[in-house]
Amino acid sequence: MRSLYMPKLNDFFIQYMSNFKYPIGTFKCPENITSDHISNWISDIEQLPIKIKNLVSDFTEKQLETPYREGGWTARQVIHHIHDSHHNGYIRFKWAMTEEKPIIKAYNEQLWAELFDTKSAPIYLSLNMIKALHAKWVYFLRGLSDQDLKKEFIHPEGNVAISLGEDIGIYAWHGNHHLAHLQIIANLK
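An account of the accompanying structure is given in this report. In this text the structure is predicted, and so the values were computed from the model without any measurement.

Cut-off values and rules
Residues numbered from 1 in each chain as written. Predicted model: local features only at pLDDT ≥ 70, side-chain atom pairs only at ≥ 80, totals over all residues. Heavy atoms only, no water. Salt bridge = Lys/Arg side-chain N within 4 Å of Asp/Glu carboxyl O. Helix = DSSP H or I, 4+ residues; strand = E, 2+ residues; numbered from the N terminus. Buried < 20%, exposed > 50% of the residue type's maximum accessible area, 1.4 Å probe, protein only. Expected span 1.5 Å × (residues − 1). Patch = residues over 30% accessible without salt bridge, like charges linked within 9 Å, V, L, I, M, F, W, Y side chains within 5 Å. Areas by Shrake-Rupley, 256 points an atom, 1.4 Å probe, with all protein chains shown as cover. Phe/Tyr/Trp six-rings, centres within 6.5 Å; stacked < 30°, edge-to-face > 60°. Pairing = 2+ DSSP bridges. Axes fitted to C-alpha atoms, helices over the stretch in contact; angles between N-to-C directions. Parallel < 35°, antiparallel > 145°, perpendicular 65-115°, else oblique. Left-handed = near helix turned anticlockwise from the far one by under 90°. Contact = heavy atoms within 4.5 Å. Nonpolar A, V, L, I, M, F, W, Y, C, P; charged D, E, K, R; others polar.

Evaluation of the coordinates by the stated rule reveals six salt bridges. The residue Glu152 makes a salt bridge to Lys101 at a minimum N-O spacing of 3.0 Å. Here Lys101 lies in the loop between helix H4 (75-98) and helix H5 (109-113) and Glu152 lies in strand E1 (residues 152-155), a separation of 51 residues in the sequence. You can call Glu152 partly exposed: its relative accessible area is 26%.

Below you can see the structure in the form of structure tokens.
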């Protein structure tokens, strides 16, 4: 009799853990990216720094050292990761605008998250950099033409071509994805 319930328990556990790993789900790019998509995504990128700051400004040291899920990064690591990832993202946009379908440099996010600065540096260092980076990035994104949004780069993991329009959506999702992780920690109070 027990074996009849195990698949359901396993499915429940997988879904439960997935809710913590991907609390807003995974990114799904629309088949046809519209100007409304681009506008909304840029707005998300623009608002992310203040949303993060408002959420984590009162975090205690204990909260900063709390992972959002078992085996996940701490709040401190998530905040530093957002800067590292979005800094790399901004550079990828510049490459795509100045080179013909460049192959971008990937980086090992997990190893970067284990570096001493990511695990111990004060969060204000990355919060300040996220604020400045996003201000410049949003200015840049709002200046892209429809033709520019079609420019692509190649991601070496899978040799996948990604358009700048799609990448705006990916980074808007990425910011909200990690904001949700920080919200999980905030809710543990």
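Between its first and last C-alpha, H4 extends 35 Å over 24 residues, near the 34 Å set by a 1.5 Å rise per residue. Extensive coverage of H4 is indicated by the burial of 18 of its 24 residues.

We now examine a nonpolar patch on the surface. There is a patch of nonpolar side chains on the surface, built from Leu111, Trp112 and Leu115 and spanning about 290 Å² of accessible area. Residue placement: Leu111 occurs in helix H5.

A few words on the packing of aromatic side chains. Applying the stated criterion to the full structure yields six aromatic pairs. When the ring of Tyr90 is compared with that of Phe140, the centres are 6.1 Å apart and the planes differ by 70 degrees; the resulting orientation is edge-to-face. Separated by 50 residues along the polypeptide, Tyr90 in helix H4 and Phe140 in helix H7 (residues 123-142) bring together distant segments of the chain. For the pair shown, Tyr90 and Phe140 are each scored as buried.

What follows is about the pairing of strand E2 (residues 160-163). Sheet faces and side chains relate simply in a regular strand, where the side chains alternate between the two faces. Looking at chain direction, E1 and E2 are connected through four bridges and run antiparallel. Note on E2: the bridge partner recorded for Glu152 is Ser163.

On to the packing of helix H2 (residues 35-56) against H7. Between H2 and H7, the shortest axis-to-axis distance is 8 Å and the interhelical angle comes to 165 degrees. In terms of axis orientation, H2 runs roughly antiparallel to H7. The chirality of how H2 crosses H7 is left-handed. Residues Ile42, Ile45, Glu46, Leu48, Pro49, Ile52 and Val56 of H2 touch H7, and the partners they reach there are Ile123, Leu127, Ile130, Lys131, His134, Trp137, Val138, Leu141 and Arg142. In terms of residue class, the contact of H2 with H7 is made up of 12 nonpolar, one polar and three charged.

Structurally, Ser35 is set in helix H2. Classification of Ser35 by relative accessible area gives exposed; the value is 59%. In sequence terms Ser35 and Asp146 are 111 residues apart; their C-alpha atoms lie 8.7 Å from each other.

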